[in-house]
Amino acid sequence: MSSFEGVLVSDPWLQSQFTQVQLRTLKSKYVSVRTQYGRVTVGDMPAVFSKLKAFIDVFSENDISAMLQESTSNMDEEIDFESFLRAYLNLHGRASIKSKSSGKKLAGSSSFLKASTTTFHHNINESEKKSYVQHINKHLGEDKFLKDYLPIDPSTNALFDLVKDGVLLCKLINVAVPNTIDERAINTKKAPNPWERNENHTLCLNSAKAIGCTVVNIGTQDLVEARPHLVLGLISQIVKIQLLADVNLKNTPELVELVDENEEVEELRNLAPEKVLLKWMNFHLKKAGYTKQVTNFSSDVKDGEAYAYLLTALAPELSTPDALQVMDPTERANMVIEQAEKLECNKYLTPTDIVEGSANLNLAFVAEIFQHRNGLNATETSKVSYAEMMEDDDQTSREERCFRLWINSLGIPTHCNNVFEDVRNGWIILEVLDKVSPGSVNWKLATKPPIKMPFRKVENCNQVIQIGRDMHFSLVNVAGNDIVQGNKKLIIAYLWQLMRFSMLQLLRNLRSHSSEGKEITDTDIIQWANDKVKKSGKTSQMESFKDKNLATGVFFLELLSAVEPRVVNWEVCRAGETDEDKKMNATYIISVARKLGCSIFLLPEDIMEVNQKMILILTASIMYWSLQRKHGGGHHTYTPPVNAPEDHAEEADDEDVAADATE
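Since we're looking at a predicted model, the values are computed, not measured.

Conventions and cut-offs
Residues numbered from 1 in each chain as written. Predicted model: local features only at pLDDT ≥ 70, side-chain atom pairs only at ≥ 80, totals over all residues. Heavy atoms only, no water. Salt bridge = Lys/Arg side-chain N within 4 Å of Asp/Glu carboxyl O. Helix = DSSP H or I, 4+ residues; strand = E, 2+ residues; numbered from the N terminus. Buried < 20%, exposed > 50% of the residue type's maximum accessible area, 1.4 Å probe, protein only. Core = buried A, V, L, I, M, F, W, Y, C linked by side-chain atoms within 4.5 Å. Contact = heavy atoms within 4.5 Å. Axes fitted to C-alpha atoms, helices over the stretch in contact; angles between N-to-C directions. Left-handed = near helix turned anticlockwise from the far one by under 90°. Nonpolar A, V, L, I, M, F, W, Y, C, P; charged D, E, K, R; others polar. Polar contact = N/O pair within 3.5 Å; in protein donor to acceptor, adjacent residues only side chain to side chain. Disulfide = S-S within 2.5 Å. Phe/Tyr/Trp six-rings, centres within 6.5 Å; stacked < 30°, edge-to-face > 60°. Lys NZ or Arg CZ within 6 Å of the ring centre and 35° of its normal.

Applying the stated criterion across every chain yields a total of 27 salt bridges. Between Glu266 and Arg269 there is a salt bridge, with its nearest N and O atoms 3.8 Å apart. Of this pair, Glu266 and Arg269 both sit in helix α13 (residues 265–269), separated by three residues, roughly a single helical turn. In this structure Arg269 comes out as partly exposed when scored by relative accessible area, which is 21%. Where Arg404 meets Glu400, a salt bridge forms, and the shortest distance between an N and an O atom there is 3.0 Å. Residue Arg404 and its partner Glu400 are located together in helix α21 (residues 394–409), separated by four residues, close to a single helical turn. With a relative accessible area of 8%, Glu400 lands in the buried category. Each of Glu199, Glu564, Arg566, Lys595 and Arg629 takes part in a single network of salt bridges with overlapping partners.

What follows is the structure in structure tokens.
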């Protein structure tokens, strides 16, 4: 089967609104203008759009110009291909509404994304919305920028209106995981323009990925439009990460008390926070005489009995036997909440939420109880010994964190909770390989978990090693059994080569237009970065990814400024002469890169310590963004499905541009 060049859009949501036929049609219009004038501006769009069949009978060129001026007063502002696509979607939505009011059918609109009418077709949980609003009011009520807009009234849609400029969610991420976003990088204007809003949303989504949120199906346009079900879904994940932040051995060493005689501490450490919370809950329930096992935060707690026993065990001085004796579940749930409030727990749920088994709110409720009174009494000796183990393992933990977040950002079916434990059966790495290099995995030879037979795990891992060798990874004297045995050094080495392969493959695909698809080397990346900085009039240069001068952060600030001059605010940058200056620059660099669109998972310490691996990924990510922008959204080799009209794909009429768009 032949292949053709498909158009790749960096925003997954935006990509999903068009078929490849539609994208190529619009791309040809965009490229035509850029070829003629050297660039595409807002002022160029009315002439282009007014000739499309979707708009020709609906809007005049002047109408389109007037609508575009609602978003920006600078019609001479240059736009990239993604902004071109967003403008098209916005106009098509308006054209659809206008056509309906006139009783006419809009060309190509039969299955077009009806953003204005379908947004609220998704049911949203009003109780969850109320709880999240209360959470936001409590934690951000004193924020210098947001205090003019808070408190939010949970009975209105004010939350969704406030989300649209991107500031609220960025601030909420910092509440969940402090210092994730350098607030100097947030565009905090009272009335930001569309580009500034989009930058805030891009910063938000890339930062959300960097703290462990799943945002595969959320795009910046979803946040611009404040689609309620997606906004609440993202807020739910952020709040959950905040509430579970201490449910781990590093922050709460007392949890070692949960380890049974037949268990290892490492087993507890490898559990997801939700699983640890359930284990903690069952630990106390068992001591309190509760005979059932709680396995979830929904059906197993609906009758309120588990809560009554838990609070009695944790706060006997506040408990009464009434909650255990009452027969009505709603009445018992109300008594449970009253008792929890005596512990000063936030009221995340109502009695109805308990009875109806609201999983998110019940989890939040249990996490609140844990934070206020965990009831654990581990000895100082066990706490100290575990703290020492964590300290000795700091570098390995940072690398594990980076690879875990990267793996989960790919959108593979299996979620990774702990790299060193979860990859040992080979399955997750096979899923990553199939994502990075489609078709590389022979799934007929793979065994899906749960895997009872040890040799099946070895078979999976042997295939992982073989595919790595096919990709020219350095795997001397490495066998599948090394992964099964949990050899941390080898697992990190393999995943690093896989991450590097993925990044360089993206760069190679973008550069294929001008350099015949030749391999991208470390030298190519360094030369590109140095050339960019030099052409911008700056003098700093990078000798290698180990160059100690990179610790100041100045080179990366100059590189970011070179690829997008307006994105770096030099007034807030430092010279990088002291450790404090280096830390300030490093945090700012990471946020600015994410704001541009770079999906990166390094920490400020990686820049300050000049971690060679992370420096390479940071530089390559900036290069990828720059090249992708140069190509107006980027390309990749795309093989159409069997039933795709290959021979006539380029003959699509303008009216087909939005024909297959779906919500």
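Ranked by internal contacts, the top residues of the largest apolar core, which has 173 residues, are Leu159, Leu234, Trp280, Met281, Leu433 and Phe556. When residues in this core are grouped by element, the largest group, twelve residues, is from helix α26 (residues 488–515). Counting 31 residues, the second-largest nonpolar core is a separate cluster that includes Met45, Phe55, Met75 and Phe84.

Once that is clear, we can look at helix α28 (residues 554–563). Burial within α28 is extensive, with nine of its ten residues counted as buried. Those residues of α28 not exposed but buried are Phe555, Phe556, Leu557, Glu558, Leu559, Leu560, Ser561, Ala562 and Val563. In this structure, the buried residues of α28 make contact with α27 (522–535), α29 (579–596) and α31 (612–630).

Close contact between α27 and α31 brings their axes to 10 Å; oriented N to C, the two are set at 65°. The hand of the α27/α31 crossing is left-handed. Of the residues in α31, those in contact with Asp522, Ile525, Trp528, Ala529 and Lys532 of α27 are Leu616, Thr619, Ala620, Ile622, Met623, Ser626 and Leu627. Here the contact of α27 with α31 is composed, by residue class, of eight nonpolar, two polar and two charged.

Another aspect to go through is the side chain of Asn206. Along the polypeptide, Asn206 turns up in helix α10 (residues 194–210). With relative accessibility at 6%, the residue Asn206 sits in the buried group. Reaching out from Asn206, the side chain makes a polar contact with the backbone oxygen of Cys598 at a distance of 3.5 Å. If near-sequence neighbours (up to four positions away) are discounted, Asn206 is found in contact with Arg594, Gly597, Cys598 and Ser599.

Quick look at unusual backbone geometry now. It is generally the case that most residues other than glycine have a negative phi and that most peptide bonds are trans. With an omega dihedral of 5°, the bond running from Leu150 to Pro151 counts as a cis peptide bond. With respect to the helices and strands, Pro151 occurs in the loop between α7 (126–140) and α8 (158–163). Looking along the chain, the bond that leaves Pro449 and enters Pro450 is cis, with omega of 0°. Position of Pro450 among the secondary structure elements: in the loop between α23 (427–436) and α24 (454–470). A positive phi angle, near 55°, is found at Ala226, a position not held by glycine. Considering the arrangement of structural elements, one finds Ala226 in the loop between α11 (220–224) and α12 (228–243). We classify Ala226 as buried; its relative accessible area is 5%.

To continue, consider the state of the cysteines. Across all of its chains, the model carries zero disulfides by this definition. Summary of cysteine pairing: Cys204 is not part of a disulfide, and the nearest cysteine sulfur, belonging to Cys170, is at 5.1 Å.

Attention now goes to the environment of Phe370. With respect to the helices and strands, the residue Phe370 is situated in helix α19 (residues 359–372). For Phe370, a relative accessible area of 3% puts it in the buried group. Separated by 93 residues in sequence, Phe370 and Leu277 have C-alpha atoms that sit 8.0 Å apart. The contact partners of Phe370, leaving out residues within four places of it in the chain, are Asp246, Val247, Thr252, Leu255, Leu277 and Trp280.

All chains considered together, the criterion is met by 16 aromatic pairs. Here a set of aromatic residues connected by ring pairs shows up, and it is made of Tyr30, Phe49, Phe55, Phe59, Phe81, Phe84 and Tyr88. A cation over an aromatic ring shows up here: Lys27 above the ring of Phe81, its NZ or CZ 5.1 Å from the ring centre. Lying across the ring of Trp570, Lys538 places its NZ or CZ 5.0 Å from the centre.

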